[in-house]
Amino acid sequence: MSANEMRKSWENNFINAGLDVREMYTMSEDQFNSTCQFLIDSGFPRPVGEQAKNKDRKEWENAFREIGVSPNEMYSMPESDFLSSCQFIVDSGIYSPGTSNDSDLAKAISASMDDLSNNANNNSNEKLPVPTSEDEELARELQEQEYQGISNPINPPEQNDNPAPPPPPSYNNYMPSRTVSGQIRNEQNEEFIRAEFEMRQREEANRRKQEENERRAREEAVAQKSRIEKNKSELKTALQNLGPEPANGVTICIVFPSGNRIMRKFDKTHLCDELFTFVSGQDELFDDDDGPIPYTLMQPGVPIERGKTFEEVGITRRSMVNVDFD
């Protein structure tokens with residue numbers, strides 16, 4: 001039986017006994033032997049040929065190291081991976097198994113783990129050399145010479161009688177230091193943030209001003225419309241309040257710019273304001289928004305004035321009056 005088959009047999013015995021396989025590789029040699037003996041006494045099968053080859057084990061460990069696998073990983077990998085790795089090692093010519101003195105598999109595994117543990121302990125227990133007084137004196141001397149500006153006090157550079165001219169000034173020599181450039185960048189960032197804040201404040205103020213203007217415009221439009229409607233209503237009411245035409249009144253023909261004509265009789269002793277009231281209440285004297293259109297009443301070449309009677313302006317008989325829009 002090969003070492004791997006023997007390892008697998010003992011793993012199966014440990015598993016069937018309800019033990020953790022990892023404990024098999026971490027317990028001491030005495031614990032392993034006593035556990036194996038307990039399993040055999042309990043009726044578990046004893047692996048046939050339970051002797052492993054110690055030399056082959058070492059060679060296999062070295063071969064596995066060649067392919068980058070530690071001994072600990074070698075003993076803990078699954079059987080399929082272990083066999084495929086062994087086949088790869090043999091096919092690659094790294095190692096071929098041979099014959100040597102037999103030793104117990106448990107001893108081989110324990111010895112391998114002990115080797116790893118001892119190497120780790122030896123590395124951790126290795127002490128650094130303690131510096132002597134001469135070393136400390138040399139260190140102080142080197143430190144003092146370095147402080148005085150001597151770059152290589154032990155082997156100083158040779159003096160050159162014809163030194164090379166200094167290199168031309170580089171742009172990098174004039175670059176600000178990180179502290180200065182960082183300060184400038186911070187100031188620029190602060191200035192940018194301040195400018196952006198002020199710009200947003202101006203935009204907000206303009207937006208509020210625009211909203212206020214629009215609100216006032218809407219209110220003014222509503223108020224203007226209300227005034228226009230009220231004014232039109234008052235003019236229409238005044239027209240209705242003129243009363244009936246006088247029987248013996250003077251007839252006046254009113255001509256609008258559109259060519260339309262309308263006639264009405266007025267008392268010649270009354271004020272011409274009645275004529276203005278009559279004309280102002282006509283639909284042609286309102287624009288599309290129902291606003292009153294300013295106008296002037298004209299006799300042939302003479303405007304008619306308010307506050308005077310028809311007789312005072314010369315209207316004593318049938319007359320024609322033109323409406324001229326201002």
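Now for a description of the structure that goes with this document. (Residues numbered from 1 in each chain as written. Predicted model: local features only at pLDDT ≥ 70, side-chain atom pairs only at ≥ 80, totals over all residues. Heavy atoms only, no water.)

1. Remarks on the packing of aromatic side chains
Here is step 1: Per the stated rule, a full pass over the model turns up three aromatic pairs.
Here is step 2: Ring geometry for F266 versus F278: centroids 6.0 Å apart, planes at 80 degrees, classification edge-to-face. With F266 in strand β4 (residues 261-266) and F278 in helix α10 (residues 273-280), this pair connects stretches of sequence that are twelve residues apart. Pair check on accessibility: F266 and F278 agree, each one buried.
Here is step 3: Ring pairing ties together the aromatic residues F266, F278 and F310, which thus form one cluster.
Here is step 4: Taking the ring centre of F286 as reference, the NZ or CZ of K232 above it sits at 5.2 Å.
Here is step 5: Positioned over the ring face of F266 is R264, at 5.0 Å from the centre of the ring. (Phe/Tyr/Trp six-rings, centres within 6.5 Å; stacked < 30°, edge-to-face > 60°. Helix = DSSP H or I, 4+ residues; strand = E, 2+ residues; numbered from the N terminus. Buried < 20%, exposed > 50% of the residue type's maximum accessible area, 1.4 Å probe, protein only. Lys NZ or Arg CZ within 6 Å of the ring centre and 35° of its normal.)

2. A few points about helix α6 (residues 79-91)
Here is step 1: With 13 residues, α6 extends 18 Å between its outermost C-alpha atoms, agreeing within 8% with the 18 Å of an ideal straight helix rising 1.5 Å per residue.
Here is step 2: Those residues of α6 that sit buried are F82, S85, C86 and I89. What you see down the axis of α6 is that its buried residues fit within an arc of 100 degrees, all on one side. Among the exposed residues of α6, those pointing more than 90 degrees away from its buried face are S80 and D91.
Here is step 3: Directly after α6, the chain includes G93, whose backbone phi takes a positive value near 80 degrees. (Expected span 1.5 Å × (residues − 1). Arc of directions from axis to C-beta.)

3. Some words on the pattern of salt bridges
Here is step 1: A complete count under the given rule lists twelve salt bridges for this structure.
Here is step 2: Between R194 and E191 there is a salt bridge; the shortest N-O distance is 2.5 Å. Pair noted here: R194 and E191 are both in helix α9 (residues 178-240), with a separation of three residues, about one helical turn.
Here is step 3: The closest approach of N and O atoms between E212 and R215, which form a salt bridge, is 2.2 Å. One end of the pair, E212, and the other, R215, are both in helix α9, three residues apart, so they sit about a helical turn from each other.
Here is step 4: Among the residues examined, E212 registers a relative accessible area of 27% and is labelled partly exposed.
Here is step 5: Assessed through its relative accessible area of 31%, R215 is described here as partly exposed.
Here is step 6: Among the charged side chains, a network of salt bridges with common partners joins E204, R207, R208 and E211. (Salt bridge = Lys/Arg side-chain N within 4 Å of Asp/Glu carboxyl O.)

4. A look at unusual backbone geometry
Here is step 1: The phi dihedral of D290 is positive, around 65 degrees, even though this residue is not glycine.
Here is step 2: Within the secondary structure, D290 is located in the loop between α10 and β5 (295-299).
Here is step 3: Accessibility expressed as a relative area gives 32% for D290, which makes it partly exposed.

5. Regarding the sheet that holds strand β3 (residues 250-255)
Here is step 1: The sheet built from five strands is open, its strands ordered β4-β3-β7-β5-β6 with mixed pairing. Looking at strand neighbours, the two that pair on one side only are β4 and β6 (302-303), the edges of this open sheet.
Here is step 2: Relative to strand β7 (residues 319-325), β3 runs parallel, the two being bridged by four bridges. Within the sheet, the bridge partner assigned to I254 lies in β7 and is V321.
Here is step 3: Of the strands in this sheet, β3, β4, β5 and β7 are in contact with α10, which crosses β5 at around 125 degrees. (Pairing = 2+ DSSP bridges. Contact = heavy atoms within 4.5 Å. Axes fitted to C-alpha atoms, helices over the stretch in contact; angles between N-to-C directions.)

6. A closer look at the environment of L242
Here is step 1: By the secondary structure assignment, L242 is in the loop between α9 and β3.
Here is step 2: Residue L242 is classed as partly exposed on the basis of its relative accessible area of 24%.
Here is step 3: Expressed as a C-alpha distance, the spacing of L242 and T277, which sit 35 residues apart in the sequence, is 8.1 Å.
Here is step 4: Each residue touching L242, except ones within four places of it in the same chain, is listed here: R264, E274, T277 and F278.

7. Structural notes on the pairing of β7
Here is step 1: Sheet analysis places β5 next to β7, joined by four bridges and oriented antiparallel. Bridged to L297 within β7 is V323.

8. With respect to the environment of S258
Here is step 1: Its location among the elements puts S258 in the loop between β3 and β4.
Here is step 2: For the pair S258 and V323, spaced 65 residues apart in the sequence, the C-alpha separation amounts to 9.7 Å.
Here is step 3: Engagement of the side chain of S258 in a polar contact is seen with the side chain of N260, the distance being 3.2 Å.
Here is step 4: A polar contact is formed between the side chain of S258 and the side chain of E284, at a distance of 2.7 Å. (Polar contact = N/O pair within 3.5 Å; in protein donor to acceptor, adjacent residues only side chain to side chain.)

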